[in-house]
Amino acid sequence: MTEPYRPRRSVLYVPASSDKALAKIAQLACDAVIIDLEDAVAPADKVAAREKLAGIFANRPVASGRRCEMVVRVNALASEWGADDLLAAAKFEPDGILLSKVATPRDILEVGDVLDDNFAPDSVKLWAMIETPKAMLNIGAIAELGRDPASRLNCFVAGTNDLAKDTGVLATPDRRYLVPWLMQMVLAARAGGLDMLDGVANDFRDLDAFARECAEAAAMGFDGKTLIHPAQIDAANRAFAPSPAALTEARLVKDAFALAENSGKGVIALNGRMVERLHLAQAEKLLAKAAAIGA
């Protein structure tokens, strides 16, 4: 069965160690939050941050009147905190667990085995950070796991800061040297049937630059963007939402294929253009996205 569409236009990192940030979740209009046990938490605070998960999920916030998708980012499994993070996160049955420093398909499969052994329901999905050179070299094989529901793999997240650090690539404002890898991520994600989220923009004060980066990411095919500040939510929601023109076109395509004379046809003519059933599938996906976000 096809799972219901879940928008992921705006996905906000929230430090698990910050009571102030956690308390604000219910007022936010983001599509998802990532409760972060990794980069946003200092080493001395990691155990205490993990222990906060019980309270967070016992009083799961409803963001802006709707159930916000909640994901926990755990520390790398090779670290001293990773294994305990994973078991703690699985216990509270989040929508997803975001794995840091993924390098090979085995990293996904081993975590899936741990979740299965600890009776985590199938609803707990795996998200994977693509943030290392090794992950980029293995990205096709990692993405292929998305075609197997047993793997739980559901979403890729670009870790652009770590990728730039590990490769020495200059992170320019236009991201010109990162774009080839970003496009490769999108291609692999689509091959595996996965969602693909863009990396963070570090300067949360420059909202004009952020809006441009969101628009470029949407044009590249990303489903949404990871955020580091609530001020970025509105721009991301707008950039990754279907435009009125696109929605009008999608409705025209759907209505045209619904006509009795087009029943069973693979190709039809619409307003002087050739339209195939692949365009119908795209239109239906766009309309589902619009319905999910109330557009």
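As a reminder, the structure under discussion sits directly above these lines.
Residues numbered from 1 in each chain as written. Predicted model: local features only at pLDDT ≥ 70, side-chain atom pairs only at ≥ 80, totals over all residues. Heavy atoms only, no water.

## Observations regarding the packing of aromatic side chains
Scanning the model with the defined rule gives 1 aromatic pair in all. A ring pair is formed by phenylalanine 57 and phenylalanine 92, whose centres lie 6.3 Å apart and whose planes are at 5 degrees; its orientation type is stacked. With phenylalanine 57 in helix H3 (residues 53-58) and phenylalanine 92 in the loop between helix H4 (82-91) and strand E6 (96-99), this residue pair connects regions lying 35 residues apart in the sequence. Above the ring of tryptophan 81, the side-chain terminus of lysine 46 is found at 5.2 Å from the ring centroid. (Phe/Tyr/Trp six-rings, centres within 6.5 Å; stacked < 30°, edge-to-face > 60°. Helix = DSSP H or I, 4+ residues; strand = E, 2+ residues; numbered from the N terminus. Lys NZ or Arg CZ within 6 Å of the ring centre and 35° of its normal.)

## Digging into the environment of arginine 205
Locating arginine 205 in the fold gives a position in the loop between strand E9 (195-198) and helix H10 (207-220). Residue arginine 205 is classed as exposed on the basis of its relative accessible area, which comes to 71%. Considered as a pair, arginine 205 and methionine 183 are 22 residues apart in the sequence and their alpha carbons are 26 Å apart. (Buried < 20%, exposed > 50% of the residue type's maximum accessible area, 1.4 Å probe, protein only.)

## So, the pattern of salt bridges
Tallying each qualifying case throughout the model produces 25 salt bridges. Between aspartate 36 and arginine 73 there is a salt bridge, with the nearest N and O atoms lying 2.8 Å from each other. Of this pair, aspartate 36 sits in strand E2 (residues 32-36) while arginine 73 is found in strand E5 (residues 69-74), placing the two residues 37 residues apart along the sequence. Looking at aspartate 36, the relative accessible area reads 2%, which means it is buried. (Salt bridge = Lys/Arg side-chain N within 4 Å of Asp/Glu carboxyl O.)

## A closer look at unusual backbone geometry
In this structure, phenylalanine 119 is a non-glycine residue whose phi angle is positive, near 60 degrees. Position of phenylalanine 119 among the secondary structure elements: in the loop between helix H5 (105-117) and strand E7 (125-130). Since its relative accessible area comes to 73%, phenylalanine 119 is described here as exposed. At arginine 175, a position not held by glycine, the phi torsion is positive, near 55 degrees. Counting through the fold element by element, arginine 175 comes out in the loop between helix H8 (160-167) and helix H9 (179-191). We classify arginine 175 as buried; its relative accessible area is 8%.

## Some thoughts on the state of the cysteines
Tallied over the full model, the rule gives 0 disulfides. Cysteine cysteine 155 is unpaired, with the sulfur of cysteine 68 as its nearest cysteine sulfur at 14 Å. Classification of cysteine 155 by relative accessible area gives buried; the value is 0%. (Disulfide = S-S within 2.5 Å.)

## Concerning the packing of H4 against H5
The contact between H4 and H5 brings their axes to 10 Å, and the two run at 50 degrees. Here H4 lies oblique to H5, going by the angle between them. Crossing of H4 over H5 shows right-handed handedness. Here Leu86, Leu87 and Ala90 of H4 come into contact with H5, specifically with Val111, Val114 and Leu115. (Axes fitted to C-alpha atoms, helices over the stretch in contact; angles between N-to-C directions. Parallel < 35°, antiparallel > 145°, perpendicular 65-115°, else oblique. Left-handed = near helix turned anticlockwise from the far one by under 90°. Contact = heavy atoms within 4.5 Å.)

## Here's the deal with the layout of surface pockets
By volume, the second largest pocket amounts to about 530 Å³. As for the second largest pocket, its lining consists of 21 residues, of which Asp223, Gln282, Lys285, Leu286 and Lys289 are closest to the centre. Looking at the lining of the second largest pocket, the elements with two or more residues in it are helix H12 (244-258) and helix H13 (277-293). A breakdown of the residues in the lining of the second largest pocket according to their chemical character gives 13 nonpolar, 3 polar and 5 charged. (1 Å grid on protein atoms, 1.4 Å probe; cavity = no way out; pocket = protein on both sides within 12 Å on 5 of 7 lines; lining within 4 Å. Points joined across faces, edges and corners; volume = space filled by probe spheres on them. Nonpolar A, V, L, I, M, F, W, Y, C, P; charged D, E, K, R; others polar.)

## Digging into the pairing of E6
The alternating pattern of E6 places Gly96 and Leu98 on one face and Ile97 and Leu99 on the opposite face, and all of these are buried. Alignment of E5 against E6, held across 4 bridges, turns out to be parallel. Looking at E6, one finds that valine 72 is bridged to isoleucine 97. At this point the chain moves from E5, through H4, to the parallel E6, and the crossover so formed is right-handed. In this structure, E6 lies alongside E7, joined through 4 bridges in parallel fashion. If you follow glycine 96 over to E7, its bridge partner there is lysine 125. The β-α-β motif built from E6, the intervening H5 and the parallel element E7 has right-handed crossover chirality. (Pairing = 2+ DSSP bridges. Right-handed = clockwise from strand over helix to strand, strands pointing away.)

## What about the sheet that holds E7?
The 8 strands are arranged E1-E2-E5-E6-E7-E8-E9-E10 in a closed barrel whose pairing can be described as parallel. Taking the axes of each pair of neighbouring strands and ignoring which way they run, one obtains an average angle of 25 degrees across the sheet. The pairing of E2 with E5 spans 5 bridges and is classified as parallel. When the bridges of E5 are listed, isoleucine 34 appears paired with valine 71. Sitting on the sheet, H4 is in contact with E5 and E6, with an inclination near 165 degrees to E5.

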